[in-house]
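Listed here are the chains, written in short residue letters.
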Amino acid sequence: MQLIDEIIVPCCLLGLLAALAQFLVIRGIKLTPDGKDSLSTGLTAGGSEQAAKLVPEIYEKIMTGAVQFLKVEYAICTAFCLAFAVLISALVSWGTKSPLQGHLTAGAFLTGAFTSMLCGFLGMMVATYSNARTTLACAYSGYTLGFNTAFRGGSVMGYALCSLGVLILWALLSFYRTIYPDADDWEILFDCAAGYGLGGSTVAMFGRVGGGIYTKAADVGADLVGKVVAGLDEDDPNNPATIADNVGDNVGDIAGMGADLFGSFAESTCAALVIAAAAVEGSHNTLADAGWNAMLFPLAISAAGIVICILCGFVATNISPVRDEPDIERVLKVQMVLTAILMLPVIYYMAIVLLPAEFRLEGVRLTEDGHPAKITGSPFKCFICATMGCVGGLIIGLVTEYFTSHTYVPTRELASACKFGTAVNIIQGLALGYKSCIVPVFVLSSAIYVSFQLCDLYGIALAALGMLATLACGLTIDGFGPISDNAGGIAEMALFGPEVRRRTDALDAAGNTTAAIGKGFAIGSAALVSLALYGAFVVRLRVKTGVNILEPVTFAFLIIGCMVPYWFAALTMKSVGKAAGEMVAEVKRQFSVKDSQGKTLLDGSTELKPDSLTCIQISTQASLVEMVAPACLVILSPLLAGTFFGVQAVFGLLTGSLGSSVQLAISMSNSGGAWDNCKKFIKNGFSDDPELRYTKNPKTAEEVKAAPKAKEAHDAAVQGDTVGDPFKDTSGPALNIVMKLQAIVSLVFAAYFAAINHGHGFLGQAAL
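- Going by an unreviewed UniProt entry, the protein carries the name H(+)-exporting diphosphatase and comes from Symbiodinium natans.
- Listed in UniProt under the heading Subcellular location (unreviewed entry), the comment for the protein reads: "Endomembrane system".

1. Here we look at the overall build of the protein
Next, step 1: In terms of regular secondary structure, the protein is built from 22 helices and 2 strands.
Next, step 2: In terms of overall size, the protein behaves like a compact globule, its C-alpha atoms giving a radius of gyration of 26 Å where 768 residues would be expected to give roughly 27 Å.
Next, step 3: Taking the principal axes of its C-alpha atoms as reference, the protein extends roughly 85 × 50 × 45 Å.
Next, step 4: The buried share among the 768 residues of the protein stands at 65%.
Next, step 5: A separation of at least 24 residues holds for 84% of the contacts in the protein among residues at least 6 apart in sequence.
Next, step 6: Approximately 25,400 Å² of the protein is accessible, and the part contributed by carbon and sulfur atoms is 64%.

2. Here's the deal with the pattern of salt bridges
Next, step 1: Tallying each qualifying case throughout the model produces 25 salt bridges.
Next, step 2: Note that D721 is salt-bridged to K679, the shortest N-O span being 2.9 Å. Taken together, the residues D721 in helix α21 (residues 701-748) and K679 in helix α20 (residues 647-683) connect sequence positions 42 residues apart. Each member of the pair, D721 together with K679, is buried.
Next, step 3: Across the salt bridge formed by K728 and D725, the nearest N and O atoms sit 3.8 Å from each other. With a gap of 3 residues between them, K728 and D725 both fall in helix α21, about one helical turn apart. Just as K728 is buried, D725 falls in that class too.
Next, step 4: A single network of salt bridges, built from pairs that share partners, joins K216, D219, D508, D676, K679, K680, D721, D725, K728 and D729.

3. A short note on the environment of L608
Next, step 1: Structurally, the position occupied by L608 is in the loop between α17 (552-592) and α18 (612-626).
Next, step 2: Considering only alpha carbons, one finds L608 and F591, 17 residues apart in sequence, at a separation of 9.8 Å.

4. Considering a nonpolar patch on the surface
Next, step 1: Together, L3, Y348, Y349, I352, V353 and F380 make up an exposed nonpolar region whose accessible area comes to about 570 Å².
Next, step 2: At 4 residues, helix α10 (residues 327-354) tops the list of elements feeding residues into the nonpolar patch.
Next, step 3: For Y348, the position within the fold is in helix α10.
Next, step 4: The exposure class of Y348 is partly exposed, given its relative accessible area of 37%.

5. Some points on the packing of aromatic side chains
Next, step 1: Under the counting rule described, the total for this entry stands at 27 aromatic pairs.
Next, step 2: Considering the side-chain rings of F80 and F206, the 5.2 Å spacing of their centres and the 65° angle between planes classify their relative orientation as edge-to-face. Highlighted residues: F80 in helix α2 (residues 49-96) and F206 in helix α5 (residues 186-229), separated in sequence by 126 residues.
Next, step 3: The class for F206 is buried, based on a relative accessible area of 4%.
Next, step 4: The ring of Y129 carries the charged tip of R133 above its face, separated from the ring centre by 3.7 Å.

6. Considerations on empty space enclosed by the protein
Next, step 1: Across all of its chains, the model carries 11 cavities of 30 Å³ or more by this definition.
Next, step 2: Each pocket or cavity is described by its volume, and for the largest cavity that value is around 180 Å³.
Next, step 3: Taken together, 21 residues line the largest cavity, and the ones lying closest to its centre are D249, D485, N512, D676 and K728.
Next, step 4: At the level of elements, α5, α6 (242-277), α15 (471-493), α16 (498-540), α20 and α21 are the ones that each hand at least two residues to the lining of the largest cavity.
Next, step 5: With 5 residues, α16 is the single largest residue contributor to the lining of the largest cavity.

7. Observations concerning the confidence of the model for the protein
Next, step 1: Taken as a whole, the protein shows an average pLDDT of 86; of its residues, 94% reach a score of 70 or greater.
Next, step 2: The element-level mean pLDDT for the protein is lowest in strand β1 (residues 359-366), coming to 76, with helix α13 (residues 422-435) highest at 95.

8. Some remarks on α13
Next, step 1: If you check α13, its first and last C-alpha atoms are 20 Å apart, about what 14 residues at 1.5 Å a residue would give, namely 20 Å.
Next, step 2: Where α13 is concerned, the buried positions are N425, G429, L432 and G433. Viewed along the axis of α13, the buried residues span an arc of 95°, placing them on a single side of the element. Away from its buried face, by an angle of more than 90 degrees, α13 presents the exposed residues A423, I427, Y434 and K435.
Next, step 3: Looking at the buried residues of α13, the elements they touch are α11 (379-404), α12 (409-417), α20 and α21.

9. Observations regarding the packing of helix α19 (residues 628-645) against α21
Next, step 1: Between α19 and α21, the least distance of the axes is 9 Å, while the angle of their chain directions is 40°. Where α19 crosses over α21, the handedness of that crossing is right-handed. Counting all contacts with α19, which are made through V634, I635, S637, P638 and L639, the residues of α21 involved are I737, V738, L741, Q742, V745 and S746.
Next, step 2: Classifying every residue of the contact of α19 with α21 by side-chain character gives 8 nonpolar, 3 polar and no charged.

10. Brief notes about the nonpolar core
Next, step 1: F190 and Y458 are the most contacted members of the largest nonpolar core, which totals 267 residues.
Next, step 2: F190 has contacts with L173, L273, V274, A277, W292, M295 and L296, leaving out every residue within four places of it along the chain.

11. As for unusual backbone geometry
Next, step 1: The phi angle at K97 is positive, at roughly 60°, despite the residue not being glycine.
Next, step 2: Along the chain, K97 falls in the loop between α2 and α3 (99-140).

12. What to know about the side chain of T339
Next, step 1: Mapped onto the elements, T339 comes out in helix α10.
Next, step 2: Residue contacts for T339: discarding those within four places in its chain leaves I308, C309, C312, T470 and C473.

13. Digging into the packing of α6 against helix α9 (residues 297-319)
Next, step 1: The interhelical angle for the contact between α6 and α9, taken along N-to-C directions, is 150°, at an axis separation of 9 Å. Taken together, the axes of α6 and α9 are roughly antiparallel relative to one another. Across the interface between the two elements, F265, T269, A272 and L273 of α6 pack against P298, L299 and S302 of α9.
Next, step 2: Looking at the contact of α6 with α9, its residues break down into 5 nonpolar, 2 polar and no charged.

14. Concerning the side chain of H714
Next, step 1: Note on placement: H714 falls in helix α21.
Next, step 2: Using a relative accessible area of 7% as the deciding quantity, one classes H714 as buried.
Next, step 3: Residues contacting H714, with those up to four places away along its chain left out, are I682, K683 and Y694.

Rules and cut-offs
Residues numbered from 1 in each chain as written. Predicted model: local features only at pLDDT ≥ 70, side-chain atom pairs only at ≥ 80, totals over all residues. Heavy atoms only, no water. UniProt positions renumbered as here; feature names shortened; annotations may be inferred. Helix = DSSP H or I, 4+ residues; strand = E, 2+ residues; numbered from the N terminus. Rg over C-alpha atoms; globule rule 2.2 N^0.38 Å. Buried < 20%, exposed > 50% of the residue type's maximum accessible area, 1.4 Å probe, protein only. Contact = heavy atoms within 4.5 Å. Areas by Shrake-Rupley, 256 points an atom, 1.4 Å probe, with all protein chains shown as cover. Salt bridge = Lys/Arg side-chain N within 4 Å of Asp/Glu carboxyl O. Patch = residues over 30% accessible without salt bridge, like charges linked within 9 Å, V, L, I, M, F, W, Y side chains within 5 Å. Phe/Tyr/Trp six-rings, centres within 6.5 Å; stacked < 30°, edge-to-face > 60°. Lys NZ or Arg CZ within 6 Å of the ring centre and 35° of its normal. 1 Å grid on protein atoms, 1.4 Å probe; cavity = no way out; pocket = protein on both sides within 12 Å on 5 of 7 lines; lining within 4 Å. Points joined across faces, edges and corners; volume = space filled by probe spheres on them. pLDDT = per-residue confidence, 0-100. Expected span 1.5 Å × (residues − 1). Arc of directions from axis to C-beta. Axes fitted to C-alpha atoms, helices over the stretch in contact; angles between N-to-C directions. Left-handed = near helix turned anticlockwise from the far one by under 90°. Nonpolar A, V, L, I, M, F, W, Y, C, P; charged D, E, K, R; others polar. Core = buried A, V, L, I, M, F, W, Y, C linked by side-chain atoms within 4.5 Å. Parallel < 35°, antiparallel > 145°, perpendicular 65-115°, else oblique.

Right, here's the structure in full:
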């Protein structure tokens, strides 16, 4: 066993053991609070034995709905992936004139796809398992146990997903190495392994889009009829769409996000490997010459990051735990900062140990005489590149928190705008999202510039891996959000007292911010990953003249590429609107049904029960039908461009799509996150302004006087949040997959594109 194997395997096994240990702790909280099985002999203030007895029933409905949806979605994904694997095998075999290479690429694709499905399913199951236990933990013990339960639920997903992703990729590369043992053949080996990233992103596309449409159809429908029309509380048990809404949080934000970030890790690693393995003309001092340890340096970064995140997790749950409401965001922020800081010396140590003192890389920049530049890399340069990504990801996360958390000025200003109506709220929310793009774009641009100057395209790939080095922590705090959201919903549906709901609402509000941070983190890493894959595509094609965007076909497709994210967003937003309309009609129908005494659900009928199953079926059917068109747009656009117009058209398509997607994704995600927290800021009474503290049953003279204005502000905030829901949970976060998936499709099919009319496609004329 080589040194690199001795690093990767133990780190991954430790990650799996840590995930199991955290799960066993969560399992200690029983759903039956009978004194003997629970963590406490009684419920704290605000709880009730009657409410606690409803929790298992609600939990079972959410779990059943989530499992049924994923089974159907993954059945569709499996059928698509098997068919697409046949296409990959055929086209790659034809392009490379090697059936073996085609078969191995298709095998890597299926491995990545099924790994992504496994990670998404495990994450969803653990999150759903944790939500009701978080509710009961808040009822039994307060903030500390409630926070720790939700945090541990997220960490199970984070540790397991990262460990499985790295371990399976390592096993795949080790197997392929037995087929291509010579260093001269490793370029082919890593070309085949690129299919692993394609498989991960293909499943992520279905998970993000399908799950996003599902959850927002239920959420928007429940909000519009339940809160705005009927005046019900969020997650009121009489609202039949609330179960579907809670199911959607798990299948969209958990399974979708897990598959998304798994795809980012897989693709950035594959990009780094393809670039590192590229042969350098006239030089033998390459990373391939340095051996297997140097080649797998990118995997070592990811594996070591798992251990760092495990150690930092103890800080949140044991060393400096949450004791009261203000501690929640502080503890989560400490996790982000601490993991990033501790990761830096680890990356430096890995670079010194695994990389040669000096190595050569084939650059895509041109020298003055028009030849590709020869780049000289070193461990320190690689460390700086990875550091730019790691620190850049931290900055993007903190900026996202600033713009979306109600602790800071932007969201509080947005809440004040609600006093003037829905239109002003939406206008300011859009402006907030656009403004929030500024710092992340400068951060990404700086990381790209510095990394490219130091190590060319390999440096950009390392920057992407540096940003993803703390992926286990990122997934933990991102999973914390939906688990807390579900916990609040269960507390409301089980009719717990106000103190329990206040605790779950505080976790939920912080969870909204962490979810926004996770989305910002995913978008930033996707931009670097996409650029790294783009570079690997150029390197793979052996383009010696660089990419000239002023080539007519390149510039024409650049404009088309800029349009693709808007086309994609239009499809997904329309799908949510259509499905939400069906949900609204169904909820209104159920609210209009009368029992034998002439009472409806809203009148407190004891005979009628909310039919949540029908609402779940509406969301499921709508999401599974509507996710096909956006996925086909993203996968087929580079295939059609390369097949008919050649590689120069693909260059333009990727350039335009990357530049356009970053801005649109950040602005949509942050606008939606701010609208959501703005609503909670008003609903939960966090404001000092009486006109921004919504009280359903005002009692004091001050509350009675301010009630009409507060009601108007609350309704405006709810409607703004309804607009923001598909922004932040469907279209916005799915755009990072648009960037990555187009780029990885291009890389995998590079040889096929090059083989058609010398790279100019069926409609081209000149030779490359």
